[in-house]
Structures are given as C-alpha cells and as structure tokens.
Amino acid sequence: MSLHLALFGTTFAALAFALGAATGRRAFTLAVSAGVAVLAYLANSVLPQVEALAWTRRLSPFHWYLGGDPLAHGPQPTGLLLLLATTAVLVAAGTWTFTRRDLTS
C-alpha cells in the first residue's frame, strides 16, 4: 500500500513539475494540478455512477492507486505500472522542457 501511495503522490508531483517547467507560472501550475487531481477523483468516484461514464474510472490515477484493494490483496502490478509510466513520461517531458527554457531574464 505504501508503494502505491508513494507512486500516486509522485505522479501528481510530476504533473506539477511538467506544467511548471512548461509555463514557469506557479499559480497556473498549482491550479491546473489541483484541477486535474479533482477531476481524477471525480472520474474514479462520481462519474462511474452514471453507467455511460463508467469507463472514466480506468483513466483515473485514483483507480490505479486503490483499484484491486492493495491493502487487502497486496501490490497491484497494473496500477503500479500505470503510475510509474505516467510519472516517467511527465518527468521526462518536464526535464526536456526545462532544459530548453531561457532563464537568463
């Protein structure tokens, strides 16, 4: 469960890093990161109550984190891999973007 939680937090931190590196605007980065977290939560908990929107649960990092009940059944490889891959892509994108920014002004 701790591994799931660590990767879950790292995924949202990587999102904030990638947005911050791309825009350089702190308030925008925090607002968008928080908005994405809220939408991901809604996609996991509220939207699936509408039968036509049940597919949104599979797109949510909250489902990757808690799907399959890792506290009772141990680590869930699919969820861990999705969290790890998303984090890796976001960190790579943020690093690539940051190295190309002009920080001299």
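All residue numbers refer to position in the chain's written sequence, counted from 1. Under the rules for a predicted model, residues below a pLDDT of 70 receive no local features and side-chain atom pairs below 80 are neither given nor counted, while totals for whole chains, interfaces and linings still include all residues. Heavy atoms throughout the structure, all of them, feed into the side-chain values; hydrogens and water do not.

This part is about unusual backbone geometry. Despite not being glycine, D69 has its phi angle at roughly 50°, a positive value. Burial classification: accessible surface area is computed with a 1.4 Å probe over protein chains only, and a residue below 20% of its type maximum counts as buried, one above 50% as exposed, and the rest as partly exposed. Looking at D69, the relative accessible area reads 41%, which means it is partly exposed.

A few words on the nonpolar core. Within the largest apolar cluster, 14 residues are counted, with the highest numbers of intra-cluster contacts made by F8, F12, L15, F62, L83 and L90. Only α1 (2-23), α3 (61-66) and α5 (77-99) provide two or more residues apiece to this core. Numbered from the N terminus, helices here are DSSP runs of H or I no shorter than four residues, and strands are runs of E no shorter than two. Considering every element that reaches this core, the biggest residue donor is α1, with seven residues. Any pair of residues with heavy atoms lying within 4.5 Å of one another is described as a contacting pair. Look past the residues within four positions of L83 in its chain and what remains in contact with it is H4, L7, F8, T11, P61, W64 and Y65. Residues belong to a common nonpolar core when they are buried Ala, Val, Leu, Ile, Met, Phe, Trp, Tyr or Cys residues joined through side-chain atoms within 4.5 Å.

Before going further, it helps to spend a moment on helix α2 (residues 26-45). Between its first and last C-alpha, α2 extends 29 Å over 20 residues, near the 28 Å set by a 1.5 Å rise per residue. Among the residues making up α2, those that are buried are T29, S33, A40, A43 and N44. Angular distribution of buried residues about the axis of α2 spans 95°; they occupy a single face of the element. Among the exposed residues of α2, those oriented more than 90 degrees off its buried face are A27, A31 and L39. Take the residue count of a helix, subtract one, and multiply by 1.5 Å to get its expected span. Here the arc refers to the set of directions running from the helix axis out to each C-beta atom.

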